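Here is what each chain is made of, one letter per residue.
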Amino acid sequence: MMFSLIPWLTNFCKQLHPRAWLWDNDQHNIFIKTISERVAEITGLSTTYRDVLSDAEPFQVVNYGMGGQYEPHHDFYETRASLKNAPLHLQDTGDRIATFMFYLNDVKAGGATVFPNINIRVPPVKNGAAFWYNFKPSGQHEMDTQHAGCPVLLGEKWVANKWIREFGQMFRRKCKLSENSLETD
């Protein structure tokens with residue numbers, strides 16, 4: 001169901017500029033809420049959007065033209081203090097516990113997402129998706145989630161990101177007592 005909505009989402013976003021936010025609570029667009037609910041089903045995490053204390057951020061849709069790339073980075077905030085600068089609807093929701101990213105189109109050349117610390121490359125294939133936790137079950141940053149968007153060499157790349165926040169996940173992904181714990185339950 002989710003992937004049948006991708007052509008509609010891509011066409012909708014082409015009317016916008018290279019980066020757009022699509023809100024789950026848009027009453028005129030149930031497709032976005034449907035996609036968010038599908039991400040929740042796949043991940044087992046809550047993606048419920050609220051104007052206050054939201055469990056997830058709205059979808060971020062990004063277009064990369066030829067030469068477009070994204071430097072290596074983590075999706076979590078480097079310090080808890082930086083969370084104070086979050087928009088009002090994300091205040092007191094914690095950090096980005098997980099990332100769900102999917103590709104909205106095929107890229108003719110280039111544009112892979114790479115995780116250099118663990119030597120993983122995700123090719124930009126239409127309807128393809130990647131999911132990762134930004135934190136270990138212990139609550140420590142998962143440094144191996146550093147990733148980058150390689151340059152688009154030919155064509156363009158459209159991706160959608162759903163960042164899932166800590167708030168709302170306490171009964172879905174419980175933390176472990178051990179600082180270096182890798183297992184979830």
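Keep in mind it's a predicted model, so treat the numbers as computed, not measured. (Residues numbered from 1 in each chain as written. Predicted model: local features only at pLDDT ≥ 70, side-chain atom pairs only at ≥ 80, totals over all residues. Heavy atoms only, no water.)

### Describing helix H2 (residues 30–43)
The first and last C-alpha atoms of H2 sit 20 Å apart over 14 residues, in line with the 20 Å expected at 1.5 Å per residue. Looking one or two residues beyond H2, the residue adopting positive phi is Gly44, at roughly 80 degrees. (Helix = DSSP H or I, 4+ residues; strand = E, 2+ residues; numbered from the N terminus. Expected span 1.5 Å × (residues − 1).)

### Some words on the environment of His73
Relative to the helices and strands, His73 is located in strand E3 (residues 70–73). Along the chain, His73 and Ala148 lie 75 residues apart, while their C-alpha atoms are 6.4 Å from each other. Reaching out from His73, the side chain makes a polar contact with the side chain of Asp75 at a distance of 3.4 Å. (Polar contact = N/O pair within 3.5 Å; in protein donor to acceptor, adjacent residues only side chain to side chain.)

### A closer look at a nonpolar patch on the surface
On the surface, a cluster of nonpolar side chains totalling about 330 Å² of accessible area is made up of Met66, Leu153 and Leu154. Relative to the helices and strands, Leu154 resides in strand E10 (residues 152–154). (Patch = residues over 30% accessible without salt bridge, like charges linked within 9 Å, V, L, I, M, F, W, Y side chains within 5 Å. Areas by Shrake-Rupley, 256 points an atom, 1.4 Å probe, with all protein chains shown as cover. Salt bridge = Lys/Arg side-chain N within 4 Å of Asp/Glu carboxyl O.)

### What about unusual backbone geometry?
The phi dihedral of Asn119 is positive, around 55 degrees, even though this residue is not glycine. Along the chain, Asn119 turns up in the loop between strand E6 (113–115) and strand E7 (120–122). Of note, Asn127 is a non-glycine position whose phi angle comes to about 75 degrees, a positive value. Its place among the elements puts Asn127 in the loop between E7 and strand E8 (129–133).

### With respect to the sheet that holds strand E9 (residues 147–149)
With antiparallel pairing, the four strands of this open sheet are ordered in space as E3-E9-E6-E7. The open sheet terminates on both sides in strands that have one partner only, identified here as E3 and E7. Across the sheet, the mean angle from the axis of one strand to that of its neighbour is 15 degrees, orientation sign disregarded. Bridging between E3 and E9 involves two bridges; their strand directions are antiparallel. Each bridged residue has a counterpart across the sheet, and for Tyr70 the counterpart in E9 is Gly149. (Pairing = 2+ DSSP bridges. Axes fitted to C-alpha atoms, helices over the stretch in contact; angles between N-to-C directions.)

### Considering the pattern of salt bridges
Applying the stated criterion across every chain yields a total of six salt bridges. When salt bridges with common partners are traced through the structure, they connect Glu57, Arg96 and Arg165 into a single cluster.

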